[in-house]
Amino acid sequence: MKITLARLPVTLGVIAAVLAPMAGTAVAVAVTPAAPRTGKLTQVGPIADHGFPAWYRDSNNVRLELCTTADDPMCPAPAGSIPNPDAPVSFPDNFPDESFYQLATATVTLDSGAKAVVSTNLEAAFMNGAPAPGDQMVFGRIRIRFDAAAGERFRITHPYGVDDVVADAKKGVNMTEDTGAIPGAFGAALNGRVGPFLKWDGTSPQAPAGYIGNPGIDHPITGSPYNTNFVQIDQLDPDTGALIKQVGKTSLFSLQGRYATNSGLDVDQATYSRAANGTGAIDVYASSEPNQVLQITGNTTMGFHDTKLRGSADGHYYGRFPLTGTLPANPTVDVANITDRPATHKTRALVDLVSGASATYNADTQKLTVAATSSDKKLNPALTAVGFGAVTPAGFTGVVAPPAAITITSAAGGSTTVPVVSSGANFVPTAPVAAATADTPALVNQTVRLDASGSVGEITKYTWTQTGGAAVTLTNAATKLATFAPKAAGLYTFRLQVDGPGGTSQATVAVTVTNVTAPKADAGVDQTVVRGKAVTLDGSKSTAAETYSWAQVSGPAVTLTGASSAKPSFTFPTQALPASPGPNAGFVYNNDPVVLELTIRNAAGISTDQVVVTPQAETLSGLTVRYRTGNNEWRISGTSSLLQGQRVAVVLGSTLTGRVIGTGTVDAAGAFSIRVTGPVPATNPAPTVSFVTTTGASQLGFAVSVTN
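Sequence order sets the numbering: in each chain, residues are counted from 1 along the sequence as written. Restriction of local features to residues with pLDDT of at least 70 applies here, the model being predicted, together with a cutoff of 80 or more for giving and counting side-chain atom pairs; totals for whole chains, interfaces and linings are based on all residues. Neither water nor hydrogens contribute to the side-chain values; these are computed over all heavy atoms in the structure.

**Looking at the state of the cysteines**
Then, in step 1: Any two cysteine sulfur atoms lying within 2.5 Å of each other are counted as a disulfide. Under the criterion given, the structure shown has 1 disulfide.
Then, in step 2: Across the disulfide from Cys67 sits Cys75; the S-S distance is 1.3 Å. Taking the sign of the S-S torsion, -60° for the link of Cys67 and Cys75, the bridge is left-handed.

Following this line, the structure appears as structure tokens:
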């Protein structure tokens, strides 16, 4: 039997959401289970030839290896993931672009008939999709998918926890959480919710030897850290989260995973040392599971034979081997775990050992001195301080700020990193910098401020001193802001001194004091504007003004912007039209000019001036008003002297408070016309109408021509 697995798309990173019960918005949140967690993934194995960990271990001491081939029906790679499934798997040319340490899937048929699929996997994939060195990543994945109406809320309990999910309008329930999807960061998967590994429980049939289950048979499982060895889906109230009903449950899983039989190995370091005559030793440091047999593969060129390493109970291995032959260019050593079947091999570059390293920095001379030696006394390879250059007794000068550590590399491949040890005098704070300013203008008998707020640096003391001019009394002379009130006009000078831990600094400021002159307000020239247009007032020609204040005296009410400035503005309001249909007993017509008053002040007094803003004159001419009794129709036309697109209202009667006949708009030629039915005019006395425009024109009591 050959089992094929569907491809699963990879979602990078961790998808997280905060639950907010809003219809049409898909949200999910992991809920902390009531029971404490009793297990997890605990260890990442050595890196295998394909660049992924050879295995992962959980807290039950179970190790699972990666399923990468198509010929193992209990542990196959996904269908279509291997370019040539009939050829041997090789990295990277014929390697699956995704594979699994654990693949666990439960399918639940819900009350609605929908199929819910819940997957809890430990997956291997590549950052950019296709197999490539350096792109390998392993992540724990929890994925939940099923059709549901937008806004419906569900609680899904599975072996690795509980998730609260609200369906959205586009995909229903569609939640994916990937933890650890970072290339090369294989330990990040240990921090996810997936773990410890699941396996078939003890019910018949038993799991095939060497496997946690048979993916072709749905079977009960065990291993949940919360003892929730099932998938249960409950529907919840979207607002309160209260249970509505259980809509589906299963304890059967399709489960795939193969127990790791090989331990693999990592060669942590391989260094050599040799004397001037070329003989020496090779030191190899490796790691694997305890009680393994690791050995170095002999190399007749360098002069050593197949020899076992010595191991400790914690899985560390060490070996020291003779170097009696020739050291080739770019030398390597091969170390094998011969306990594995087949034996696992790792190749490691053989490099010299950089020792006796030191890095000292003199803060006074700004000199960095680096020293180190190579274990290769025959070649004496060049040593380099990364970022600085060749290591020599002369060291490096002009180093303003050294790094905390220096890495020293050897031309023979070795390297070491040492902390920088510093000496020299302690740094002292930078002296503050004084800055002094004063109020302008400065006037006799008015308070003048001396301001040191522009000074910079750490300041503990301010001192103001008068250095010129008629004597004055300084108030708050020991603070950032000092004041004085001059009694006479003239030039006054002051010195500011600021003190701080780094020293002192001084600055001077000169203040020219003038006599106060009486203010004279000038509100600007009178203006004529079209109603509805913006108006800018100009009081800037006022003299000796310290403050400005504008206020309206009369006319249609306006709103001033910048009433305390020299140049405020407002919009001349349009004339409101009578409300249709009327009558409008309270209607007010006001085309008066707007009168505003400017008040300026200084210590010598107050001055006022007024400005008048008059509405642009508007004349209505060519007026015709006809009422036809046969069809109760009004025909009204006329011309305005203002071409502003203004509105015109016509009111029955000799005032603007009667019934509104209709309204029209002045066109680009100044003409307007109104053609409406009703209201019916009285015949005794003879009927009249009145006109009013939004730009202020009015015509009262215009005679009506009444015809059939």
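There is more to say after this.
**Observations concerning the sheet that holds strand S11 (residues 199-200)**
Then, in step 1: On the basis of which strands lie adjacent, the open sheet formed by 7 strands has the order S10-S7-S6-S5-S15-S12-S11 and antiparallel pairing. Two strands bound the open sheet, and with one partner strand each, they are strand S10 (173-179) and S11. Strands pair, by our definition, only if DSSP identifies at least two bridges between them. The numbering of helices and of strands both runs from the N terminus, where a helix is a DSSP run of H or I of at least 4 residues and a strand a run of E of at least 2.

**Comments concerning the layout of surface pockets**
Any empty space left between atoms is shown by rolling a water-sized probe over those atoms.
Then, in step 1: Here the term cavity refers to a set of points on a 1 Å grid, laid over the protein atoms alone, in which a 1.4 Å probe fits but cannot get out; the term pocket refers to an open set having protein on both sides within 12 Å along at least five of seven lines, with lining residues being those that place an atom within 4 Å of a point. Grid points are joined across faces, edges and corners, and a volume is the space filled by probe spheres set on the points. Here the largest pocket defines a volume of roughly 660 Å³.
Then, in step 2: Ala48, His50, Glu65, Asn262 and Thr344 are the residues nearest the centre of the largest pocket, which is lined by 27 residues in total.
Then, in step 3: If you tally residues by element for the lining of the largest pocket, the top one is strand S24 (residues 344-349), at 3 residues.
Then, in step 4: Only Asp, Glu, Lys and Arg are considered charged, only Ala, Val, Leu, Ile, Met, Phe, Trp, Tyr, Cys and Pro nonpolar, and every remaining residue, Gly among them, polar. Of the residues contributing to the lining of the largest pocket, the split by class is 12 nonpolar, 10 polar and 5 charged.

**Considering unusual backbone geometry**
Then, in step 1: Residue Pro441 follows Thr440 across a cis peptide bond; omega there is -5°.
Then, in step 2: Tracing the backbone through its elements, the reader meets Pro441 in the loop between strand S32 (437-438) and strand S33 (442-443).
Then, in step 3: Even without being a glycine, Asn330 presents a positive backbone phi close to 50°.
Then, in step 4: Within the secondary structure, Asn330 is located in the loop between strand S22 (316-323) and strand S23 (332-337).

**Comments concerning the pairing of strand S45 (residues 620-628)**
Then, in step 1: Of the pairings in the sheet, the one linking S45 to strand S46 (residues 633-640) comprises 7 bridges and is antiparallel in character. Within S46, the position partnered with Arg626 by the bridge is Arg635.
Then, in step 2: Counted between consecutive antiparallel strands, the loop separating S45 from S46 contains 4 residues, among which Asn632 sits at a positive phi close to 55°.
Then, in step 3: In the sheet, S45 pairs with strand S52 (residues 705-707) via 3 bridges, with the strands oriented parallel. Residue pairing for S52: Tyr627 is matched across the bridge by Val706.

**Quick notes on the side chain of Ser690**
Then, in step 1: Locating Ser690 in the fold gives a position in strand S50 (residues 688-693).
Then, in step 2: When accessible area is computed with a 1.4 Å probe and restricted to protein chains, residues below 20% of their type maximum are described as buried, those above 50% as exposed, and intermediate ones as partly exposed. On the basis of relative accessibility, which here comes to 0%, the residue Ser690 falls in the buried class.
Then, in step 3: Polar contact is defined as a pair of N or O atoms within 3.5 Å, subject to the rule that within protein one atom must be able to donate a hydrogen and the other to accept it, and that residues adjacent in sequence are counted only when both atoms are side-chain atoms. Within polar-contact distance, the side chain of Ser690 engages the backbone oxygen of Gly653 at 2.8 Å.

**As for the pattern of salt bridges**
Pairing between side chains of opposite charge can happen when their charged atoms approach one another.
Then, in step 1: When a carboxyl oxygen of Asp or Glu is within 4 Å of a side-chain nitrogen of Lys or Arg, the pair counts as a salt bridge. For the coordinates displayed, the defined rule picks out 17 salt bridges.
Then, in step 2: Its salt-bridge partner being Arg57, residue Glu289 comes within 2.4 Å of it at the nearest N-O pair. Linking Glu289 in the loop between strand S18 (280-287) and strand S19 (294-296) with Arg57 in strand S3 (residues 55-58), this pair joins segments that are 232 residues apart in sequence. Exposure class is identical for Glu289 and Arg57. Each is buried.
Then, in step 3: The partner of Asp439 in a salt bridge is Arg449, and the shortest N-O contact between them spans 3.1 Å. Here the residue Asp439 occupies a position in the loop between S32 and S33, and Arg449 occupies one in strand S34 (residues 448-451), the gap between them amounting to 10 residues.
Then, in step 4: For Asp439, a relative accessible area of 22% puts it in the partly exposed group.
Then, in step 5: Taken together, the salt bridges that share partners define one network made up of Arg628, Glu633, Arg635 and Arg675.

**Thoughts on the packing of aromatic side chains**
Then, in step 1: Paired rings are identified among Phe, Tyr and Trp, the last through its six-membered ring, by centres lying within 6.5 Å, and are further divided according to the angle between planes into stacked (under 30 degrees), edge-to-face (over 60) and tilted (the rest). A full pass over the atoms with the stated rule returns 16 aromatic pairs.
Then, in step 2: Geometrically, the ring pair formed by Phe484 and Phe494 is tilted, given 4.8 Å between the ring centres and 40° between the ring planes. Pair noted here: Phe484 is in strand S36 (residues 481-484) and Phe494 is in strand S37 (residues 490-500), with a separation of 10 residues, a long-range link. Each member of the pair, Phe484 together with Phe494, is buried.
Then, in step 3: With a centroid separation of 6.3 Å and an interplanar angle of 65°, the aromatic rings of Phe672 and Phe691 are classed as edge-to-face. In this pair, Phe672 is assigned in strand S49 (residues 671-677) and Phe691 in strand S50, connecting sequence segments 19 residues apart.
Then, in step 4: By relative accessible area, which is 3% here, Phe672 ends up buried.
Then, in step 5: Judged by its relative accessible area of 0%, Phe691 falls in the buried class.
Then, in step 6: Here the aromatic cluster, defined as three or more aromatic residues joined through ring pairs, consists of Phe52, Phe91, Phe95, Phe126 and Phe186.

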